[in-house]
Structures are given as structure tokens and as C-alpha cells.
Amino acid sequence: MSQKQKTPILLILSFSLFAHLLSPCNCECKFGEVGTEIRGMMVFGSSLVDNGNNNFIEKTKAKANYLPYGVDYVRGPSGRFTNGKNVIDLIGEKLKIPQIPTFRDPETKGSCIVHGVNFASGGSGILDETGAVSGEVMSLNEQIRNLENVTLPELEVQLGCNAKEALGNYLFVVGSGGNDFSLNYFLNFPNNNATLPAFISKLINALSYQIQRLYDLGATKFVVMSLYPNGCSPMVRARIPIPMPTDCVQPINLPLRLYNNNLRSLVDEMKQKMPGSKLVYVNVYKIIRDIIRTPTQHGFDDTRHSCCELTTIKEGGTETLCKTGGNVCSSRSKYVWFDGLHPTEAVNIVLANKAFASDLQVEVYPTNIKNLAEQ
């Protein structure tokens, strides 16, 4: 073939490629057209939704990659801060999503990311400075940067189309903020420069910006988890004396409730700011508080103690995480708390069931995840 014959073919091929790059996303590549069905999850937050990212971070104190963590999990200790599945695993099962990989796992690449990625990091917070106590962790800002700079470009290759357009098929779960209190505000109290209302406002404003960033990347369906009633946890009970052994530490819970009220209001505000978005607020605080108030009605016996043996302060711990190879209770489905701060799989099951299908707006607002997935 002569040079004159080659040139038109090359021009045609070049023009076709250029036209393809300019054309709208053809999201029939993997998922079919963007619609109401949830095809994957992107998860952001701290230890309550971390599925093992911190396993791959060397200089962090927040790890759960040893027994008795995972004692009831099919693969044993996996980095989940509980005895079995966490709430992300269970919500994913209800949505019929294959188990999603963790961002820091070297194997998280290629086709395995098409159903989503878990970016959460134990010990992290909404604020970048919150994680300093835990060593090297991924803050919520860093998690979002990881999505934008690493995962989305690769997802576009896997889907064969613009990821921003495809992300309407993904559920974005955000479970962060607890450490901003326990490892930041409370830790520095009473020497904080900010008052409690000012600190809560700072958190809400930061989270508002972070959710907006996710929306700008293409996210439209969000699930925002409230803070847990950490004033009821074994770790807090052990450190702060309370008059009634059956009660929780209200000076800890009150600020968390105030934050949660602001978070619920943020759901309505963000819907106005983000056209086409849908957000669900899951009132984890109330769901767990109800279990603690009436445990037998929910199938629980022990609402005060940790199921696992904790690493004490004398042993160099914080009475928060399980002791490596330590003792563990046999009736784990009857305990609310697995370690000093994190719930058992049995509680996670209740949380996932409520988040997915509750019809009570005091538990899920303005609707549940099942309805969100169908919208």
C-alpha cells in the first residue's frame, strides 16, 4: 500500500477516536444505562466502616488484624473492628453487591473495583488533624482525594466510559465524625480554643464541603451515618464514673446528640445545594440507644461490658481495642459491645436492617436505603 493510500485510513481512525472521546458516556459497558439500581458502594469514614485499610498502613495504632477480631468472620481477622461482619458488609449484602475491596490493598485494581471501593480508615476524622493520635491514618479529605486521583481514572478504564456519569449507580456511604470528638475535642478539653457550638459548626461545614466534592465528582445517592452513643461504651464508662451503673455518660453523649441534630439538618440543606441528589440520614445513635435501654426486647443481655479482653492503660493500651490473643466471650450475639468502643456483629445486623428497611423517620430520614436505591 502506498503512502497516499495509508494517510486517509489513519485520518479516519484518528477522527473516529477523537469523536469517541468527545461523545457522551456509553454506560452500557458494564452496568447498562444509569438507572435506579445500585451497582456498587463507595465507603468513607473511620473504624466503624473500615474493612481493613489500616492493615496496609504500617505506622498506625488503629488496627484490628489479629484475634479475637474476626473470630466469627469467614476469613478470620480482616481489619474489621468487630467479631464478624460490620455494617458495610451487611448493607452490601442487602443491596446484592459483591464484597467491595479496601483502597490500600495492593490487589485493589482492575476489574475488582467495578462494584466500589472502601476508603475508610480507623482512627481518622472529618478534620485532618483528628487522626494524629492514631499515627498515620487517612483523613476523610485524603479518602476523597484517593477516590478522585486514583480510583476514578481506573474505574473509567474498567467501565469504558466517564466515571462521573456512571457514579449515579453507586451508593456513597459516609460514616465519620466520632473520632473528631473522642480523639480531638474531648481529648483536648477543657483547653479547646473553640466552644462546643463552634466546634460542631466547624465539623458540619467541613463535612458539607466534603459531600459537595463527592457530588461534583458524580455522586448522587448518599447515606450519612450519625455518631454512635459513645458515652455508653465500655471505654468511656471505665474512665468516667457515673452515679447509676445502668446509665450512660451524658456529658459525652450530649455533644454527640447536638452534632447529630445538625447532621440531620445538613441532609435537607445539601439536597437544596445539590440538584438531583438524594441523601439518607441513618440515626445510629437512636438505634443503639434503644438497644441499650431495652436490651431483652432486641435479644441482648450485656450492654455495659466489652466481649473481648481489652488492652489496659497499664499495658500500654487505651482500654479501647482488644488485647492481642486475649479472651473473648462465648455468647457474642448477646453483647452490644465487642471491644471498648465498637459494636458486635449482632448490633451491626440490627443497624443494617434498620438502615435498609425501617419506616420510622426517627431512625432513617427522610427514607430508608431500600427506597433510596429504587429512586
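Residues numbered from 1 in each chain as written. Predicted model: local features only at pLDDT ≥ 70, side-chain atom pairs only at ≥ 80, totals over all residues. Heavy atoms only, no water.

**Here we look at the overall build of the protein**
Within the protein one finds eleven helices and eight strands. Looking at the protein as a whole, 55% of its 375 residues are labelled buried. When contacts within the protein are restricted to residue pairs at least 6 apart in sequence, long-range pairs at least 24 apart make up 71% of them. Entry remark: accessible area of the protein is about 16800 Å², with carbon and sulfur atoms responsible for 54%. (Helix = DSSP H or I, 4+ residues; strand = E, 2+ residues; numbered from the N terminus. Buried < 20%, exposed > 50% of the residue type's maximum accessible area, 1.4 Å probe, protein only. Contact = heavy atoms within 4.5 Å. Areas by Shrake-Rupley, 256 points an atom, 1.4 Å probe, with all protein chains shown as cover.)

**Here we look at the environment of valine 157**
Mapped onto the secondary structure, valine 157 falls in helix α3 (residues 140-159). Through-space distance from the C-alpha of valine 157 to that of serine 111 is 9.4 Å; in sequence the pair is 46 residues apart.

**Let's talk about the sheet that holds strand β5 (residues 278-282)**
Strand pairing in a sheet relies on backbone hydrogen bonds. The paired strands run either parallel or antiparallel. Taken in spatial order, the six strands make up an open sheet running β2-β1-β3-β4-β5-β8, and their pairing is mixed. Because the sheet does not close on itself, it has two edges, and the strands there are β2 (116-118) and β8 (364-365). Alignment of strand β1 (residues 40-45) against β2, held across three bridges, turns out to be parallel. Paired with methionine 42 across the bridge in β2 is valine 117. Its contacts with the sheet place helix α2 (residues 87-94) against β1, β2, β3 (170-175) and β4 (221-225), and it is angled at close to 160° to β1. Its contacts with the sheet put helix α6 (residues 196-217) on β1, β3, β4 and β5, and the angle it makes with β4 is roughly 155°. (Pairing = 2+ DSSP bridges. Axes fitted to C-alpha atoms, helices over the stretch in contact; angles between N-to-C directions.)

**Some words on the packing of α3 against α6**
Following both chains from N to C, one finds α3 and α6 inclined at 10°, their axes separated by 10 Å at the closest point. Overall, the two elements α3 and α6 adopt an arrangement that is roughly parallel. Along the contact surface, α3 presents Leu140, Asn141, Ile144, Arg145, Leu147, Glu148 and Leu152, while α6 presents Leu207, Gln210, Arg213, Leu214 and Leu217. Considered class by class, the residues forming the contact of α3 with α6 number seven nonpolar, two polar and three charged. (Parallel < 35°, antiparallel > 145°, perpendicular 65-115°, else oblique. Nonpolar A, V, L, I, M, F, W, Y, C, P; charged D, E, K, R; others polar.)

**Topic: the side chain of asparagine 53**
Its location among the elements puts asparagine 53 in the loop between β1 and α2. Using a relative accessible area of 0% as the deciding quantity, one classes asparagine 53 as buried. Those residues in contact with asparagine 53 that lie beyond four places of it in its chain are Thr102, Phe103, Arg104, Asn118, Phe119, Ala120 and Met138.

**Some thoughts on the state of the cysteines**
Counted by the stated rule, this structure contains three disulfides. Residue cysteine 307 pairs covalently with cysteine 329 via a disulfide, S to S 1.9 Å. Its S-S torsion of approximately -95° makes the covalent link between cysteine 307 and cysteine 329 left-handed. One end of the pair, cysteine 307, is in the loop between β6 (302-306) and β7 (335-337); the other, cysteine 329, is in the loop between β6 and β7, and 22 residues separate them in sequence. Among the residues examined, cysteine 307 registers a relative accessible area of 5% and is labelled buried. You can call cysteine 329 buried: its relative accessible area is 11%. (Disulfide = S-S within 2.5 Å.)

**Considering the pattern of salt bridges**
Per the counting criterion, the structure on display carries twelve salt bridges. With its nearest N and O atoms 3.9 Å apart, the salt bridge here joins glutamate 148 to arginine 213. Taken together, the residues glutamate 148 in helix α3 and arginine 213 in helix α6 connect sequence positions 65 residues apart. Using a relative accessible area of 36% as the deciding quantity, one classes glutamate 148 as partly exposed. Taken together, the shared-partner salt bridges in this structure form one network comprising Glu309, Glu315 and Lys323. (Salt bridge = Lys/Arg side-chain N within 4 Å of Asp/Glu carboxyl O.)

**Describing the nonpolar core**
The biggest cluster of nonpolar side chains holds 57 residues, and the ones touching the most others in it are Met42, Phe172, Phe181 and Tyr259. No other element matches the eleven residues that α6 contributes to this core. Among residues more than four places away in sequence, those in contact with tyrosine 259 are Ile126, Ser176, Phe181, Ile200, Leu203, Ile204, Leu207 and Leu227. By size, the runner-up hydrophobic cluster in this structure holds 40 residues, among which are Ile97, Cys232, Val364 and Ala373. (Core = buried A, V, L, I, M, F, W, Y, C linked by side-chain atoms within 4.5 Å.)

**With respect to the confidence of the model for the protein**
Caution is warranted with low-pLDDT regions, since their predicted coordinates should not be read in detail. Looking at the protein as a whole, its pLDDT mean stands at 89, while 89% of the residues score no less than 70. Segment residues 1-29: pLDDT under 50, and 17 contacts once partners within four positions in sequence are set aside and those in other chains are kept. Across residues 31-35, confidence stays below pLDDT 50; counting only partners more than four residues off in sequence or on other chains, it has 18 contacts. (pLDDT = per-residue confidence, 0-100.)

**Points about helix α8 (residues 250-273)**
Here α8 spans 34 Å end to end across 24 residues, near enough to the 34 Å set by a 1.5 Å rise per residue. Of the positions making up α8, those classed as buried are Ile252, Asn253, Pro255, Leu256, Tyr259, Asn260, Leu263, Leu266, Val267 and Met270. (Expected span 1.5 Å × (residues − 1).)

**Focus on the packing of aromatic side chains**
One pass over the full model with this rule turns up 13 aromatic pairs. Centre to centre, the rings of phenylalanine 44 and phenylalanine 172 are 6.0 Å apart; their planes meet at 10°, and the pair counts as stacked. Here the residue phenylalanine 44 occupies a position in strand β1, and phenylalanine 172 occupies one in strand β3, the gap between them amounting to 128 residues. In this pair, the class of phenylalanine 44 matches that of phenylalanine 172, namely buried. Note on tyrosine 66 and tyrosine 69: the rings are 5.3 Å apart at their centroids and 80° apart in plane angle, and the pair reads as edge-to-face. No difference in accessibility class separates tyrosine 66 from tyrosine 69, as the two residues are buried. Aromatic rings pair up to connect Phe44, Phe103, Phe119, Phe172 and Phe222 into one cluster. (Phe/Tyr/Trp six-rings, centres within 6.5 Å; stacked < 30°, edge-to-face > 60°.)

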